[in-house]
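Read off the chains here:
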Amino acid sequence: MASGGTPELAREQPSLNLLKRPLVVVLLVAVVVSVVMVTRALRLERAPVSTAEAPPLELDQRRLCERLSRAIQIASVSASEPSALELGRLEYMADYVVDTFAPLVEQLEFERHSRSLVFRWSGTEPELDPLLLLAHLDVVPVEQEALEDWTLPPFSGEITGGFIWGRGTLDDKGSALAILEAIEHLLTDGFRPRRSVIVAIGMDEEIGGSEGAAALALQFEEEGLEPYLILDEGFAVLDGVIDTVPGLVAGIGIAEKGAIDLELRVELEGGHSSMPERQTSLGVLAKALSALESEPMDAEVDGVAALFFDELAREMEFWPKLLITNRWITEPLLLASLESSASTAALLRTTTAVTMAHAGVAPNVLPEVATASVNFRIHSRDSIDSVMEHVRSVIDDPRVQISVMGEPWESSSISPVEGPAWTLLETTIRECYPGVQVAPTLVLGATDARHYAGLSKNVYRFNGIRLGPEDLSRIHGTDERISTRNYLEMIRFYARLIERA
Ligand SMILES: [Zn+2]
């Protein structure tokens, strides 16, 4: 029996093994990959950081909030072609700062330009490179149709329910006044910085900053100024905004996107709508716009976005952490997940936004000319040229004329995430916002900082405002407000930064 059975078994076994071998190999590989992935995820822990909290400042909350409130009540809206009234309000805004911060005007060096204010506080060691703090006092307008959605009128500056309400509280009068209040507090305390501090406040940031920040940057360059650290608005302390990360996250903008507006124009024969060609100018334009929307530029988790998510992953739950720490294998999954939200997708690619369109005069007349504008926010890996090339190849229709509107700008350079300037900023944030996680990030909008980029490699964007999930839409939106507690926290942050610098 044994001798009879064995040869048969022996004949069968090799074929069985052959069948099994690929499966075993696949299983083995899967086990090894899983172990590597889990190990990588588990190995990533929160970096050990000092938990020392900055000493509190004795601040007169009521007085400080009222001074910000009065600044909010001045509707210093900037417009590209301002009326006499609008110009008058901007002037009045500057007058208000000069009057309110009289001790600074008297005791520091002060310059008033047509679209900016500069305060220079010379340090005890003037040979050290200065700290350059930026902010702006102009605001975006409030749409007439949105007025009724506001809980309180946008320029009321009312202080109620623990908040100061109104346009400019978050963007960016809160920062401008917090910086000046911090300096006034330190001055009164008899403090004198080692490193000189320069505060440059623009009055036209919302319309590009060409007369404010750009002119000042040129002046600073001629003076040979090389700031140790340049700090502007641009990113904030996020509180519960990223649902996979519990607790506070302070994003420091180490780069910002560029921008370009393109006009698409189609001119075809007009006439009566009863005898149309297969496509009207509007139809051709619509097809081009639709193509641009369905073929956005490439998205990748690299550069600044990779730094951001790698840092955040330290605090994430297991599954998202697994996904982020194993990008070598999870990239497609991670991309799909991040691209599902507009705010994270914008970190990964140059965005395409169709913003305006005009065509036609009557329902029964063929439109001769159809135009549309498309706004692109240029990611660090792309350029004005690569956007143009992408648009031409996606539209691929000679009937669509493509031209550049206004003045586009490239994405900024990327500031370092190490070195003394970064450490100064990071440590100050940790001291002022206990328990916060600090991560470098990409600023999606534009700030005045881009004009100063040639002066220093250490350009950072962070201003200490706290934003919860429902606050993101308040910037340039309805019911802009800042909590009185947060405003005092910002003053403390700027004061601490100056002390430590
Ligand atoms: Zn702003």
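The coordinates are above.
Presented here is an overview of the structure given in this document. Within any chain, residue numbers begin from 1 and follow the written order of that chain's sequence. Only residues with pLDDT of at least 70 get local features here, since the model is predicted, and only at 80 or more are side-chain atom pairs given and counted; chain-wide, interface and lining totals rely on the full set of residues. With hydrogens and water set aside, each side-chain value is computed from the structure's full complement of heavy atoms.

Some words on the overall build of the protein chain
By definition, any uninterrupted DSSP run of H or I lasting at least four residues is a helix, any uninterrupted run of E lasting at least two residues is a strand, and each is numbered from the N terminus. Tallying secondary structure elements over the protein chain gives 15 helices and 19 strands in all. The criterion used for residue contact is that any of the two residues' heavy atoms lie within 4.5 Å. Looking at the protein chain alone, contacts between residues at least 24 apart form 82% of all its contacts between residues at least 6 apart. Surface summary for the protein chain: the accessible area is close to 23,900 Å², and the carbon and sulfur share equals 54%. Separation between the mean location of the 42 positive side-chain charges and that of the 76 negative ones in the protein chain comes to 7 Å. Shrake-Rupley sampling with a 1.4 Å probe provides the accessible areas, and residues are treated as covered by the protein chains on show and by no other component. When charges are counted, neither His nor the chain ends are considered; positive counts come from Lys and Arg and negative counts from Asp and Glu. All charge positions are set by atom: Lys at NZ, Arg at CZ, Asp at CG, Glu at CD.

Things to note about a nonpolar patch on the surface
For patches, a residue must show more than 30% relative accessible area and have no salt bridge; joins then use 9 Å for like charges and 5 Å for nonpolar side chains, namely Val, Leu, Ile, Met, Phe, Trp and Tyr. Salt bridges are counted wherever a side-chain nitrogen of Lys or Arg sits within 4 Å of a carboxyl oxygen of Asp or Glu. Together, Val 32, Val 36, Trp 328 and Ile 329 make up a nonpolar patch on the protein surface, roughly 360 Å² of accessible area in all. When contributions to the nonpolar patch are tallied by element, the ones reaching two or more residues are helix H1 (2-43) and helix H10 (327-339). Mapping Trp 328 onto the fold places it in helix H10.

Structural notes on the nonpolar core
Grouped together as the largest cluster of nonpolar side chains are 95 residues, with contacts concentrated most on Ile 429 and Tyr 487. The residue makeup of this core includes at least three contributed by each of domain 1 (61-254 + 412-500) and domain 2 (258-409). In this description, a nonpolar core means a group of buried Ala, Val, Leu, Ile, Met, Phe, Trp, Tyr and Cys residues linked to one another through side-chain atoms lying within 4.5 Å. Burial classification: accessible surface area is computed with a 1.4 Å probe over protein chains only, and a residue below 20% of its type maximum counts as buried, one above 50% as exposed, and the rest as partly exposed. Start and end positions for the domains come from either an automated domain assignment or a database one.

Brief notes about the coordination of the zinc ion
Every protein donor of the zinc ion is accounted for by His 136 (NE2), Asp 171 (OD), Glu 233 (OE) and Glu 233 (OE), and the metal-donor separations fall at 1.9 to 2.4 Å. The donor set covers N, O and S atoms within 2.8 Å of the metal, switching to 3.2 Å for Na, K and Ca, and it leaves out water, so a site may look short of donors. Tetrahedral means four donors with every angle between 85 and 135 degrees, whereas square planar (four donors) and octahedral (six donors) require angles over 155 degrees between opposite donors and between 65 and 115 for all others; sites fitting neither are termed irregular. Every donor counted, the 4 donor atoms about the zinc ion form angles of 54 to 140° at the centre, which fits irregular coordination. Spacing between the donor residues of the zinc ion along the chain follows H-x34-D-x61-E. Of this pair, His 136 sits in strand S3 (residues 131-136) while Glu 233 is found in the loop between strand S7 (229-232) and strand S8 (237-239), placing the two residues 97 residues apart along the sequence. Residues His 136 and Glu 233 agree in their burial class; the two are buried.

Focus on the packing of aromatic side chains
Ring geometry is summarised as follows: Phe, Tyr and Trp rings, the Trp one being its six-membered ring, pair when their centres sit within 6.5 Å, and such pairs are stacked at plane angles under 30 degrees, edge-to-face over 60 and tilted between the two. Under the counting rule described, the total for this entry stands at 10 aromatic pairs. Relative to Phe 119, the ring of Phe 110 has its centre 4.9 Å away and its plane inclined at 45°; by these criteria the two rings are tilted. Overall, the relative accessible area of 23% leaves Phe 110 in the partly exposed class. Given a relative accessible area of 0%, Phe 119 falls into the buried group. Aromatic pair Phe 163 and Trp 165: ring centres 6.1 Å apart, planes at 70°, arrangement edge-to-face. Relative accessible area serves as the criterion here: at 10%, Trp 165 is assigned to the buried category. The structure contains a cluster of three or more aromatic residues connected by ring pairs, namely Tyr 433, Phe 462, Phe 493 and Tyr 494.

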